[in-house]
Amino acid sequence: MEYALVLLWFVVYQALAFAALPLAARLFPGFPDRGAAFALPVALTVVTVVGYWVGHLGFGRWTAFLAVAVLAGLSGVVLWSDRSLGGDSAGLDGTGGRFGGDALPLRTYAESMLIFAVAFGLLVAVRAVDPALQPGGGEKFLDFGIFKSLLRAEVLPPQDMWWAGDHVLYYYGGHLASALLTHLTGTEGQYAYNLALSGFYATLVTVAYGLAGALADARGASRRVGGALGAFFVGFAANLVTAVTGLVWLLPDETARGVANWLAGPIADSTSGDLLTTGLSDFGYWGPSRVIPGTINEFPLFAFLNGDLHGHMLSTPFLLLIAALGFAYFRTGPGALGRRRALVFGALPVVVGLLGLVNVWSFPTGLGVVWLAVLFAPADPLSLFPGVSTAGESEPVADGGEHDGGASPTAGETPTRTPADLLLGEARRVASAFAVTGVVAAAALAWVAPFVFGILLQSATNRSLGLLPEQSSAVGLLLVHGTFLLVFAAFLWPRARVAFDVRPVRAGLLGLAVTVFAWQLGYPVLVLVVPLLLVGWLLLRTVGGERTDRGVGYETVLVVAGAGLVTLVEFVYVQDNAIGGRFNTVFKVYMQVWVLWATAAGGVLASLVGSVGPTDWRLPAVGIDRKGFMNGLAALLVVSTALYGGLALGGHFTSDHHRIDDPTLDGKAFVEDYHPDEAAAIAWLDDRSGQPHIVEPAGRNPYTWSSPAASLTGLPTVVGWVYQEGVYRGEEKSDARAADVDLVYTGTWEDRKRLLEKYDVQYVYVGPAARERYDDENLRFGQYPGVEVTFRDEGVVVYEVTDSA
């Protein structure tokens, strides 16, 4: 086990967080931890964005150190400017908060460091017994190939290791951040992969702790309880498949079998359906990630346990950073116009742009969170634009009254507005929030303009929008989202009842009518999720108020955001040539829903446990006090959602297939064990400098041991995984390259010579795959002029093309 490397990376992570602490404190002065939990993602944002732009001129280790120098310089400017103001930052957040060189949040920084250390240590342990960058069950060959290509790169964008002669057509921001960290630490790529993955997981958990704690504090609940619950739900909790399966099979066998078959009916074509019908004796960590047929329903613990270094995982800390910046804007008073503009037009575009570079699928969600934060904040969105009058815009306040542009109504006055006025005012506010978000979107795209114009627009031609996919069943939605739906319903129902004077009988009848209507349409989302969207929206626009008994705050903004996403993918999806239907859409979107809802659930559950809420909230007369009931509910939710983690990690650390007795973070150690005939050749190629082109048999079967030379070294091959490149560049082009590769191994010398020159091939890889696919007579490249053996081992011969002419 490489303990020294683990310590080095931990120190580097914390050094970056400490360097960004002044920036974080300036961005989040009103947060209870003064932004300490967000310091590392702030640092990664600055370092990655600077490295991205400088990298287009030249990329290497010096780029990473230059980016860190810029981070330190920005923090120094913040400290200097604060001292020049006498340490007084009053007005930055509209609350008169202070920030100065003698007031850095060191105590909360130490607390955040502890949270990071626990999460980092957990995932390091997970990866140490299963570090393999093997191709099955995920995207590790793709991710490591891009990562290694970046480590070899002298300029951005990185070369495509599966498409020699061109750059990647893929979002690579997370791999770029990992490469910069690798250059900073001087670590070999096969170790850095697992250490970067562990760092992103720990960053996600830490950010969730900070944001959930701030949400709980805004409700008057315990910051630490809210933070701990948020970190748990984001980093360790799972959906209800495991808990429900265990509960069902506590019943007598015949009864259990009948109940299991009934529950599994709507999800019969998924691995979760199989798990339900067989019980936990056949538990595998994979099953609960596939619940709704034809989709993937991942959650962070599964994803990081599976171990890809993939965009949908690496983007999660930055999505929560955007949510935190939205919260900072949300709680900034209308009078602090300069700070509001700085957050919306200064900080947010940088992070939103980086989010798109890390994971394009998260870019619309980042903008959606910005839109909702601007829409529901007390300040008029139009006030952000210079010279735009906001007179006549009424804002919601905690007591249910309204004020105009931040000024309270004159005592004794009762503003009278007709329903038409209210509707027009709401439409105006929605439109103005869209206008603000449009500016943020344009600025965000400008921050990553080379990616947008060089990669994104080119790859987007293979995608289109589809409508009305096959719907999720009520069982599927409840198994995936049931925990959060219960928490949010318990939070919103009593507030809606007080705010709108809801009568339970009428509400029950209305719910029954909606249920019948949704059942007839076949859209259970209309009953289970849409009410959260509508009730949350109405409460935010008519009640508001963070600490009032009946008010709601930013936690409800995140509830609305997640509900909107879940509802949206029931009606709209992205069509691509990767796989049919909404498979990829739900896969990528549900991870975003999880982190938003899980963080909000932490803050909400803390307020429920702390009995912060409407004073007339009553339980049925069952002899249980409210506080005891809520504590029991919280305990039940934690235990039920932790069952997956206990079983999955238990199996992970006892598996006969894992390195229990010989842990390591070397992601390529498995090659020596499972593919010893190719290990030496791959290591030899990995030692080559630069990015010379190679040719090896095309990877026609994805997620198998194919195209290993390119995937494990970052050297560009003529074509790697044909299916994957067909998704990015078109199937016709990908199949044509694969045919050219076949001709390199089977054609006449004239054909071979022409193709070796066309693709600028320097090394020809002849290994087990080539011998299995082609005749031995065709594989004797050394008989041709200008081609000679440069490496020979028992299983592989590598030929060097010394003279393509």
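Look a little higher up for the structure.
In this text the structure is predicted, and so the values were computed from the model without any measurement. All residue numbers refer to position in the chain's written sequence, counted from 1. For this predicted model, a pLDDT threshold of at least 70 governs which residues receive local features, and a threshold of 80 or more governs which side-chain atom pairs are given and counted, while totals over whole chains, interfaces and linings are taken from all residues. In computing side-chain values, all of the structure's heavy atoms are included and hydrogens and water are not.

Novice: What is the right way to read the sheet that holds strand β6 (residues 761–766) from this model?
Specialist: Remark on secondary structure: sheet strands pair via backbone hydrogen bonds, oriented parallel or antiparallel. Strands are labelled as partners when DSSP assigns at least two bridges between them. Going along the chain from the N terminus, every DSSP run of H or I of four or more residues is numbered as a helix, and every run of E of two or more is numbered as a strand. With mixed pairing, four strands are arranged side by side in an open sheet as β5-β6-β8-β7. Strands at the two margins of the open sheet, each flanked by one partner only, are β5 (693–695) and β7 (787–792). Strand-to-strand twist of the sheet, defined as the mean angle between neighbouring strand axes without regard to direction, takes the value 30°. Inspection of the sheet shows β7 paired to strand β8 (residues 797–801) by five bridges, in the antiparallel sense. Counted as the bridge partner of Val 787 is Val 801 from β8. The contact rule is simple, with two residues in contact once any of their heavy atoms fall within 4.5 Å. Axis lines are fitted through C-alpha atoms, for helices just across the contact stretch, and the angle between N-to-C directions can take any value from 0 to 180 degrees. Running at roughly 170° to β6, helix α28 (residues 676–686) makes contact with β6, β7 and β8 of the sheet.

Novice: I keep staring at the nonpolar core and nothing clicks. Help me out?
Specialist: For soluble globular proteins, nonpolar side chains are generally found buried alongside one another. Take the buried residues of types Ala, Val, Leu, Ile, Met, Phe, Trp, Tyr and Cys, join any two whose side-chain atoms come within 4.5 Å, and each joined set is a nonpolar core. Each residue is placed in one exposure class: buried if its accessible area under a 1.4 Å probe, protein chains only, is under 20% of its type's maximum, exposed if it is over 50%, and partly exposed if it falls in between. Core analysis: the largest hydrophobic core is formed by 236 residues, its most contacted members being Phe 120, Tyr 172, Leu 211, Phe 488, Tyr 554 and Trp 597. Broken down by element, the residue count for this core peaks at 19 residues, all from helix α8 (residues 189–218). Non-local contacts of Phe 120, meaning those with residues more than four positions away in its chain, are made with Val 6, Trp 9, Phe 10, Tyr 13, Leu 195, Ser 198, Gly 199 and Ala 202. Counting 26 residues, the second-largest nonpolar core is a separate cluster that includes Val 695, Leu 755, Leu 779 and Tyr 799.

Novice: How should the packing of helix α6 (residues 140–152) against α8 be read in this particular structure?
Specialist: Two quantities define a packed helix pair, namely the angle between the helix axes and the distance between the axes. Taken N-terminus to C-terminus, the directions of α6 and α8 make an angle of 115°; their axes are 11 Å apart at the nearest point. Judged by the twist between their axes, the crossing of α6 over α8 is right-handed. Touching Lys 140, Asp 143, Phe 144, Phe 147 and Leu 151 of α6 are Gly 189, Gln 190, Ala 192 and Tyr 193, all from α8. Residues are sorted three ways: Asp, Glu, Lys and Arg are charged, Ala, Val, Leu, Ile, Met, Phe, Trp, Tyr, Cys and Pro are nonpolar, and all the rest, Gly among them, are polar. Its residues assigned to classes, the contact of α6 with α8 shows five nonpolar, two polar and two charged. The hand of a helix crossing depends on one turn: near helix anticlockwise from the far one by less than a right angle means left-handed, and clockwise means right-handed.

Novice: Explanation requested: the side chain of Ser 362 in the structure shown.
Specialist: The residue Ser 362 is located in the loop between α16 (337–358) and α17 (363–376) in this model. Polar contacts, as used here, are pairs of N or O atoms within 3.5 Å; protein pairs need one atom able to donate a hydrogen and one able to accept it. Residues neighboring in sequence count only if both atoms are side-chain atoms. There is a polar contact of 3.4 Å between the side chain of Ser 362 and the side chain of Ser 315. Excluding residues within four positions of it along the chain, Ser 362 makes contact with Ser 315, Leu 355 and Gln 592.

Novice: Looking at this structure, I do not really get the packing of helix α5 (residues 106–129) against α8. What am I missing?
Specialist: Where α5 contacts α8, the two axes come as close as 8 Å, and the packing angle between them is 140°. With respect to α8, the axis of α5 lies oblique. Handedness of the α5/α8 crossing: right-handed. Contacts between α5 and α8 involve Glu 111, Ser 112, Ile 115, Phe 116, Ala 119, Phe 120, Leu 122, Leu 123, Val 124 and Arg 127 from the former and Asn 194, Leu 195, Leu 197, Ser 198, Gly 199, Tyr 201, Ala 202, Thr 203, Val 205, Thr 206 and Tyr 209 from the latter. Partitioned by chemical class, the residues of the contact of α5 with α8 number 13 nonpolar, six polar and two charged. We call two directions roughly parallel when the angle between them is under 35 degrees, roughly antiparallel when it is over 145, roughly perpendicular when it lies between 65 and 115, and oblique otherwise.

Novice: In this structure, what is going on with the packing of aromatic side chains? I would like to understand it.
Specialist: What characterises a pair of aromatic rings is the spacing of the ring centres plus the angle enclosed by the ring planes. Pairs were defined over the aromatic rings of Phe, Tyr and Trp, the Trp ring being its six-membered one, requiring ring centres within 6.5 Å. Orientation was assigned from the angle between planes: stacked under 30 degrees, edge-to-face over 60, tilted for the rest. One pass over the full model with this rule turns up 51 aromatic pairs. Taking the centre distance of 5.6 Å and the plane angle of 15° together, the rings of Phe 116 and Phe 120 count as stacked. Within this pair, Phe 116 and its partner Phe 120 are both found in helix α5, separated by four residues, close to a single helical turn. Like Phe 120, Phe 116 is buried. Judged by centre distance (5.0 Å) and plane angle (85°), the ring pair of Phe 376 and Trp 537 falls under edge-to-face. Taken as a pair, Phe 376 in helix α17 and Trp 537 in helix α23 (residues 530–542) lie far apart in primary sequence, 161 residues in all. In this analysis the charged atom, NZ for Lys or CZ for Arg, is taken to sit over a ring once it is within 6 Å of the ring centre and within 35 degrees of the ring normal. Lying over the aromatic face of Trp 684, Arg 688 brings its terminal NZ or CZ to 3.9 Å of the ring centre. The ring of Trp 163 carries Arg 737 above its face, with NZ or CZ at 4.1 Å from the centroid.

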